[in-house]
Amino acid sequence: MGAVQAWMVRAGADGEREDVSLSEGLTIAGWPEVGDLTDCTAPGDLKAELAKAYPRENPRVLGNWRGQLWRFRAVMSPGDLIVLPLKAGNIAIGHLTGDYQFRAEAAPGLRHVRTVTWKRTDVPRTELRADLRATLGSLLTVSELRRFDAVKRLTMLAAGDSDPGNPDAPADLRLLERPAELADLVAKAPAGMPVEMAVRDLLSIWDFVSRSDKATTTIRRDLDELGLAIVPPLTEVPSIDHIVRVLPIGLAPEAERQSLGEETANLELEPEEGDDSEADLLAGGETGSSDISHLGLIVAGAGEGVSGDDDEEPVRPAPVLVTVGRLPSARSMPKTVKLTDLLNRAVELLSENGYDQLPVLDDDGHLRGSITWREIGATNRPATALVGDAAVLKVRSIRTDEPMVDCLADVADHGCVFVVNPDGSLSGIVTGHDLAHRFEQELRPYALIQELELRLRRALRKALLQVKEIHGAYGRPGDPGRIVKLANQGMNFSDYITLLKRDDVWQATGWQFPQQSFAERLDRVRKIRNETMHFHTSDDDRISAVKEIQVALQMLKTVQPQA
């Protein structure tokens, strides 16, 4: 027997297989049109069965289904963990005990089964730490849970123990569950050795999985009350796997310098609420008031404040400024040479790495310019000369805490710009490729939403015309006059959902997936659209949002490839 694996097997879009799964000790795959898979001994055998059951289905979708069914049929092994999300919001955890079976006598949708011994059927989702809970977000019917040591942690939960937390986090940080515990850890840290942790682990203390508006506002508020700060700021680092420092800010200046081992003026802190920081000035005084906010580069007043008790004032989120430091390459130290290095060192680095230029630093690590093949050739110095003897070019640089838009012109004119920390030390280089990738990330949700809406409008206009042809009018329920207006003048996202909940309109579309499930998916996309259009979407949320929109769009492309 190989290593134990963990699998999530969903019970259908509406949990229709949940009761049978729990009462009969089964995990059930669904796919009612597919026959017995017992004789399928290779993935290719499944391909034929699926093609026979769904002759009009998109090949890409069939390939996805084939992978899921093969995992259920042959990859899952007795002893593996099975996780079943329940309609009530809890989860069930058990151990797989049997091989694949086909129950020909069972109702359609309940025939592909494997036996399970359920250990717990009432595990609250809140017992899972935020990172583990996020791994249950897959939309697939059958998916493997492999991240963050899921097998060990789910095994402990099945046995009634608590979730031990992210195994990649340091031992003293893994089980932190309350902000006050973090404050205690910071207070006990030796002088000059601040608490360091991944953003992911910091978020989990507040039970968040991404840097959403609510997360950043809540964490900033709590840290202020505890006299703590995050360095670099939570909104500045490129990913939630980035390491940040948690530092005290409430000490007297001389004690603080002794504790941190550095001058506090050199720290990049979150902008204080209500100050005259550059972020506030650039973002403007009201939500979305920046003239360039349509580029998705500066986001002000991101979302509603998190309310506490009824008598508390809502917290105004600090503006989120998309700075140069948010680009991964801006915080990725390139290869460099110093003014006092031999010139042949620069020649070696340029040759070995295929570089056009190298940053040149002084002995303190501050940027002094760059050197290229042209300067090396023009000075005609021997290889034993120093880099400082060559014609070192002055270069444009930008600080990590400056707006990303400020580097556009330099990159357009010179192909790149050097990025320095606030203390003048080199941090990274930003090229046109880096900016293009960032803008692609920013614009992708808008492009996907536009295509999804165009397909929905075409499909619903066509469906409404069919309803009119059948009934002689646009029919009930609903205001016929409003339906005429929608058919002729256009619809918004709420209109799409309202129409798709009407049985006559849904039947006219001819779509074969579950009506309620698709309407619920569109409602999630509607919320994503509102967040995106109001620039309330963080980098982490944008990734999951794109996936959600892509699934809805692919569903439409599958049933209406020419729409």
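The preceding data block contains the structure.
Residues numbered from 1 in each chain as written. Predicted model: local features only at pLDDT ≥ 70, side-chain atom pairs only at ≥ 80, totals over all residues. Heavy atoms only, no water.

Moving on, we come to the overall build of the chain. Secondary structure assignment for the chain yields 20 helices and 18 strands. In the chain, buried positions account for 47% of the 563 residues. Working note: accessible area of the chain is about 27800 Å², and carbon and sulfur atoms make up 49% of it. (Helix = DSSP H or I, 4+ residues; strand = E, 2+ residues; numbered from the N terminus. Buried < 20%, exposed > 50% of the residue type's maximum accessible area, 1.4 Å probe, protein only. Areas by Shrake-Rupley, 256 points an atom, 1.4 Å probe, with all protein chains shown as cover.)

Here the focus is the packing of aromatic side chains. Considering all chains together, one arrives at five aromatic pairs under this definition. Aromatic pair Trp31 and Trp65: ring centres 6.4 Å apart, planes at 70°, arrangement edge-to-face. Remark: Trp65 occurs in helix α3 (residues 59–75) and Trp31 occurs in the loop between β2 (26–28) and α2 (43–53); sequence separation between them is 34 residues. Across this residue pair, the class does not change: Trp31 and Trp65 are buried. Summarising the aromatic geometry, the rings of Trp506 and Trp511 are spaced 5.6 Å apart at their centres and angled 85° between planes, so their arrangement reads as edge-to-face. For Trp506, a relative accessible area of 8% translates into the label buried. Taking relative accessible area as the criterion, Trp511 reaches 4% and is therefore assigned buried. Taken together, the ring pairs in this structure connect Trp31, Tyr54 and Trp65 into an aromatic cluster. (Phe/Tyr/Trp six-rings, centres within 6.5 Å; stacked < 30°, edge-to-face > 60°.)

With that settled, the discussion passes to the sheet that holds strand β9 (residues 228–231). Pairing between sheet strands relies on hydrogen bonds along the backbone, with the strands arranged either parallel or antiparallel. Spatially, β8-β10-β9 is the arrangement adopted by the three strands of the open sheet, whose pairing is antiparallel. Strand pairing shows two members of the sheet lacking a second neighbour, β8 (195–198) and β9, which therefore form its edges. Each adjacent strand pair in this sheet contributes to an overall mean axis angle of 30°, direction not counted. As defined by bridge partners, β8 adjoins strand β10 (residues 243–248) across four bridges and the pair is classed as antiparallel. Looking at β10, one finds that Met197 is bridged to Val244. (Pairing = 2+ DSSP bridges. Axes fitted to C-alpha atoms, helices over the stretch in contact; angles between N-to-C directions.)

With that out of the way, let us pick up the packing of α2 against α3. Contact geometry of α2 with α3 gives a least axis separation of 9 Å together with a crossing angle of 125°. The orientation of α2 relative to α3 falls into the category oblique. The handedness of the crossing between α2 and α3 comes out as right-handed. Where α2 approaches α3, its residues Pro43, Leu46, Lys47, Leu50 and Ala51 are matched on the opposing element by Leu62, Trp65, Arg66, Leu69 and Trp70. (Parallel < 35°, antiparallel > 145°, perpendicular 65-115°, else oblique. Left-handed = near helix turned anticlockwise from the far one by under 90°. Contact = heavy atoms within 4.5 Å.)

The mixed open sheet is built from three strands, whose spatial order is β16-β17-β18. Only two strands of the sheet have a single partner each, and these edge strands are β16 (397–399) and β18 (426–431). Along the sheet, successive strands turn relative to each other by an average axial angle of 35°, direction set aside. Where β16 lies against strand β17 (residues 416–420), three bridges are found, and the strand directions are parallel. Note that in β17 the partner of Ile398 across the bridge is Val419.

Glancing now at the nonpolar core. Leu452, Leu456, Leu500, Trp511, Phe518 and Leu522 are the most contacted members of the largest nonpolar core, which totals 30 residues. Mapped onto this core, the elements with two or more residues apiece are α15 (432–471), α17 (493–500), α18 (503–509), α19 (515–533) and α20 (539–559). In terms of residues, this core owes the most to one element, α15, which gives nine residues. Apart from the residues lying within four places of it in its own chain, the contact partners of Leu456 are Phe493, Tyr496, Leu500, Trp511, Phe518, Leu522 and Leu556. Cys40, Ala53, Phe72 and Leu96 belong to the second largest nonpolar core, which has 28 residues in total. (Core = buried A, V, L, I, M, F, W, Y, C linked by side-chain atoms within 4.5 Å.)

A separate point is the pattern of salt bridges. Scanning the entire structure with this criterion turns up 17 salt bridges. Where Arg114 meets Asp99, a salt bridge forms, and the shortest distance between an N and an O atom there is 3.7 Å. You can see Arg114 sitting in strand β6 (residues 112–123) and its partner Asp99 sitting in the loop between β4 (91–96) and β5 (101–102), a full 15 residues away along the chain. Residues Arg521 and Glu548 are paired through a salt bridge, measuring 2.9 Å at the closest nitrogen-oxygen approach. Highlighted residues: Arg521 in helix α19 and Glu548 in helix α20, separated in sequence by 27 residues. By relative accessible area, Glu548 is classed as buried at 12%. Taken together, the shared-partner salt bridges connect Glu451, Arg455 and Lys557 into one network. (Salt bridge = Lys/Arg side-chain N within 4 Å of Asp/Glu carboxyl O.)

In this structure, Thr509 sits in helix α18. A polar contact of 2.5 Å, which involves the side chain of Thr509, links it to the backbone oxygen of Trp506. There is a polar contact of 3.3 Å between the side chain of Thr509 and the backbone nitrogen of Trp511. In this structure Thr509 touches Ala463 and Leu500, once residues within four positions along its chain are discounted. (Polar contact = N/O pair within 3.5 Å; in protein donor to acceptor, adjacent residues only side chain to side chain.)

Below, the discussion takes up helix α5 (residues 150–158). Along α5, the residues that are buried comprise Ala150, Arg153, Leu154, Leu157 and Ala158. Buried positions in α5, seen along its axis, are confined to an arc of 140° and lie on one side of it. (Arc of directions from axis to C-beta.)

So, about the pairing of β17. Remember that side chains alternate between the two faces of the sheet whenever the strand is regular. The element β17 is extensively covered by neighbouring structure, given that five of its five residues are classed as buried. Both faces of β17 are covered, namely the face carrying Cys416, Phe418 and Val420 and the face carrying Val417 and Val419. Crossover handedness for the path β16 to helix α14 (residues 408–414) to β17: right-handed. Looking at chain direction, β17 and β18 are connected through five bridges and run antiparallel. Bridge pairing in β18 links Val419 to Gly428. (Right-handed = clockwise from strand over helix to strand, strands pointing away.)

It is worth spelling out α2 at this point. Among the residues of α2, those classed as buried are Leu46, Glu49, Leu50 and Ala53. Here the buried residues of α2 occupy an arc of 95° about the axis, which is enough to place them on one side. Across α2 from its buried face, at more than 90 degrees, point the exposed residues Lys47, Ala48 and Lys52.

Turning next to the environment of Val75. Structurally, the position occupied by Val75 is in helix α3. C-alpha separation for the pair Val75 and Gln5, spaced 70 residues apart in sequence, amounts to 9.8 Å. Excluding residues that lie within four positions of it along the chain, Val75 makes contacts with Gln5, Trp7, Trp70 and Asp80.

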